[in-house]
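# Close look at the chain arrangement
Chain residues, written in single-letter form:
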Amino acid sequence: MAAVAAATTTTTAGTTTTSSCRVAKSYSSVAAFSLSQLSFKFNKFTSRPNNSVRCTLTRNPVSVTEMDAKIESDPDLWQRPDTLGRFGKFGGKYVPETLMYALSELESAFYKLADDQEFQEELSGILKDYVGRESPLYFAERLTEHYKGPNGEGPLIYLKREDLNHTGAHKINNAVAQALLAKRLGKQRIIAETGAGQHGVATATVCARFGLQCIIYMGAQDMERQALNVFRMRLLGAEVRAVHSGTATLKDATSEAIRDWVTNVETTHYILGSVAGPHPYPMMVRDFHAVIGKETRKQALEKWGGKPDVLVACVGGGSNAMGLFHEFVNDKEVRLIGVEAAGHGLDSGKHAATLTKGEVGVLHGAMSYLLQDEDGQIVEPHSISAGLDYPGVGPEHSFLKDEGRAEYYNVTDDEALEAFKRLSRLEGIIPALETSHALAYLEKLCPTLPNGTRVVLNCSGRGDKDVHTAIKYLQV
Amino acid sequence: MNMACNIKTFLPDHPYLKVCPPTKKNNGIVSVVCGLMTQKTATTDSSTGSWSTTASSLIMRKPLTKSLVETDHQDLKKVVINPGRFGKFGGKFVPETLIACLNQLEVEFNFVLQDRVFQEELSTALRDYVGRETPLYFAKRLTDYYKNDDGEGPEIYLKREDLNHVGAHKINNAIAQAMIAKRMGRKRVVAATGAGQHGVATAAACAKLSLECTVYMGTIDMEKQSSNVILMKLLGAQVKPVEGSFKDASSEAIRSWVGDLESSYYLLGTVVGPHPCPSMVREFQSVIGKETRRQAMEKWGGKPDVLVACVGSGSNALGLFHEFMEEDHEEVRLIGVEAAGFGLDSGRHAATLARGEVGVYHGAMSYLLQDEEGQILGTHSIGVGLEYPGVGPEISFLKETGRAEFYTVTDQEAIDAYHRLCRLEGIIPALEASHALAFLDKLCPTLPNGAKVVVNCSGRGDKDAATVFSNTNKI
């Protein structure tokens, strides 16, 4: 795991935030690290000889500012994130000094472009003609029938069809917007990390479309498991670099990508695939995916003249969930439900249920829940679906969980496979295994809902990529 | 009878068949016919008023003596044909047992075309389930690629049928016909598939409408497109292997259907077969062309200059072309691209219109690839969906009348076009659609600056990645 030693927060003028420690260490020198400089209590700390620092912090930091207290008591004041890139105590920018400039540049570019008419029009045009938006809000009649109780009552289930997007998942919404942003910033080189390959393919796709140089970091083990996706990325003109360090999976690929970015920051833009990472990424990626929720609001109004009652989405890093939820976070009557991967079961130790079983720590530049052992080492997660196979989670999800605004549950590999089969048979839509986790949760959710409740589920991707996995497990 | 449809009503007793008038609903696609011997056809009282007085699509009549036949060669739009015929092509070359069935199908089809409930349900399904309308995408980098040294060249637009649910245009037809099967009270749907796309589309539609689904597929094809086989099974369809390829699978499927006419429905995937099948399938695919017309108007305030599509049996091509068939050849050029496989002289190709002869196959008269004894020839193309040894009768008709032009492209040219679109636009096209894209190499240098070319990107190419992988040693 690459060292993401804390840098932080220089205090900005006007706020009374004392927070942080100035643990501004370049990440190669562990020796100079001094515990006395920190205002936090360390619960666990490990230093490793290969110049990496990993630390975890207690859940209740010693200093809580007045500002924080006021914000927490009044939900409508929740500015997500605040000026420091924090969602409550989560988020932030735990990165080496060399990246600080790039991150601020990115942040100001992002804010500027939000108001730039031309940029917004160009982005809408691409989302419409290239990606194929808007994606339909589809009433799943047979699935609804399936969940009706013996008295014929049950909720109404709608699927937000992100599987119909170009490249077959929601990932492209963010990839396209970030590529456009990179072009505006004059960056010619794009890097990204990928686990299963979906984000890699989406990034390679947009780079081909915009004529940008594209380098994808992928764990060597993942490359073997997903050879076809590797070929697709190469077809699209991207260079796929194998990462052999650590366990040769997603988290190692992410670290390698961060390392590359640090080295080439002037010419390179890092397209992060999810709402994780240092500020401004969680905010940016969420805002680029927020089109999902915005369309849903409009379509719900058209279809039944109201809002959805419940929103359900799978959570790996959390991008598709934030994309659907964000629009409705301030609508208190809308329930937000995230579903994580329980793999072989929560007690088996082979799962990826970060919000249920994780503890707070810093990973890949942000403070959030993550799966770690007593020594603060990252636990290798497991899920049948590669996209949920991430040991962390976006900081905003950690915040929504702690505030109680959103509820998080989990579902095992087997339950997901059942749901995969169910949607294929009942609606003729083959969902991604990631999405199948959200679909599986309907089994527990629907019996508890009153008749006629409107449930919108984010069908975040199509399952063509998962057929070989599914075949191994299902009797078809 | 006032029907809003754009195929002809079939009234077996009536000497002259009435044709449906255009209505607001069909945006003036249909032409009007009044009686016999029309020099001009009457215009409609449709509010669009955009119909020229000479506009008339195919008039169906019983055969008449030559003197009563108006074949004005200048005006290709007026042709006298038999019921279910396009010129001399088409027809119903089927055993007696099937005639009643086909008649019933035709009545049903005509009814649903003007049934508001059905049309609304179909529109909703096309919008919410299939994901229509599909974008008309301006391919900037591809356009720049084809610019000459002076920076001049045509503008290339892609009609994105690859964005449909299940990834090809096939679903437009499958969902509509599955709905008809349900209306007719059939419990079981039978289909034959070559590349598998039609099989997958049918399986998906049947799952959605809770119909049983059996798909016949040739063993040779099952090997080449194994991922599609898995998809069909996951969608709940029963996949029955048939020794051979698509032609053997279709024959087996028809045999199975004939054995169970009461409760099963044969879902044809393309514009071949006995009347009313070619017309039905074309009607359901014509949404492609209708959208294109409107989108072209929005984008550049005019019509496309050239339409390009790949031709296997012709469903995606007719889907795009049909809307524009009324226009003059000079106004909107229609170009179909067939598969030349290893080359037209190699004997291993599927270029039916280039090398075939007229004959009867699967119930219709059309061009087909046959040897001297009239036996069907084996075909080859790297785009499996183009491997049909015949072609739709309406396509043969377009060739005969010269309304459309047909060319061919080899396997290698298609693979190169596949790579090109990936690299330049980040879109992975189906190998079938790659044939249409490959033809741009020859077409673009001949077009004037700014000519608007619309290529039907009829499917996505994820299914072909493995094939391209094994055919490419270096990337």
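Here we summarise the structure given alongside this text. Owing to the predicted nature of the structure, the values given are computational and were not obtained by experimental measurement.

## Topic: the pattern of salt bridges
- Per the stated rule, a full pass over the model turns up 64 salt bridges over all chains.
- When the shortest N-O distance is used, the salt bridge between R133(A) and E295(A) registers 2.8 Å. Note that R133(A) is positioned in the loop between α3 (117–131) and β5 (137–139) and E295(A) in helix α11 (residues 291–304), a separation of 162 residues in sequence. Across the pair, E295(A) and R133(A) agree in class, each one buried.
- One salt bridge connects K148(A) with E145(A), and the closest N-O pair in it is separated by 3.2 Å.
- A single salt-bridge network, built from bridges that share partners, covers R232(A), R462(A), D464(A), R460(B) and D462(B).

## Quick word on the packing of aromatic side chains
- Overall, the coordinates contain 21 aromatic pairs over all chains when judged by the stated rule.
- An angle of 85 degrees between the planes, with centres 5.5 Å apart, marks the rings of F110(A) and F288(A) as edge-to-face. Of this pair, F110(A) sits in helix α2 (residues 97–115) while F288(A) sits in helix α10 (residues 281–289), placing them 178 residues apart in sequence. There is no split in this pair, since F110(A) and F288(A) are both buried.
- Consider the rings of W257(B) and Y266(B), whose centres lie 5.6 Å apart with planes at 25 degrees: the pair is stacked.

## Considering helix α16 (residues 433–445) of chain A
Residue and element names in this part refer to chain A.
- The terminal C-alpha atoms of α16 lie 19 Å apart, and with 13 residues this matches the ideal 18 Å at 1.5 Å per residue to within 8%.
- Burial analysis of α16 places 11 of its 13 residues in the buried class, which makes it a mostly covered element.
- Within α16 the residues assigned to the buried category are L433, E434, T435, S436, H437, A438, L439, A440, Y441, L442 and L445.

## Notes on the interface of chain A and chain B
- With 41 residues of chain A at the interface, the matching set in chain B holds 41 residues.
- Roughly 3,600 Å² of surface becomes buried between chain A and chain B when both sides are summed, with 61% attributable to carbon and sulfur atoms.
- By the criterion of area lost to chain B, the three top residues of chain A are D129(A), F231(A) and L235(A), representing 18% of everything that side buries.
- Joining chain A to chain B, the criterion identifies 5 salt bridges.
- The closest approach of N and O atoms between D129(A) and K299(B), which form a salt bridge, is 2.8 Å.
- Where chain A touches chain B, the interface holds 22 residue pairs in polar contact (both at pLDDT 80 or more).
- The set of elements that each furnish at least two residues to the side of chain A that touches chain B consists of α3, β5, α6 (198–210), α8 (227–235), α15 (413–427) and α17 (467–473) of chain A.

Calculation criteria
- Residues numbered from 1 in each chain as written.
- Chains lettered and ligands numbered in written order.
- Predicted model: local features only at pLDDT ≥ 70, side-chain atom pairs only at ≥ 80, totals over all residues.
- Heavy atoms only, no water.
- Salt bridge = Lys/Arg side-chain N within 4 Å of Asp/Glu carboxyl O.
- Helix = DSSP H or I, 4+ residues; strand = E, 2+ residues; numbered from the N terminus.
- Buried < 20%, exposed > 50% of the residue type's maximum accessible area, 1.4 Å probe, protein only.
- Phe/Tyr/Trp six-rings, centres within 6.5 Å; stacked < 30°, edge-to-face > 60°.
- Expected span 1.5 Å × (residues − 1).
- Contact = heavy atoms within 4.5 Å.
- Buried area = accessible area lost by both parts, 1.4 Å probe.
- Polar contact = N/O pair within 3.5 Å; in protein donor to acceptor, adjacent residues only side chain to side chain.

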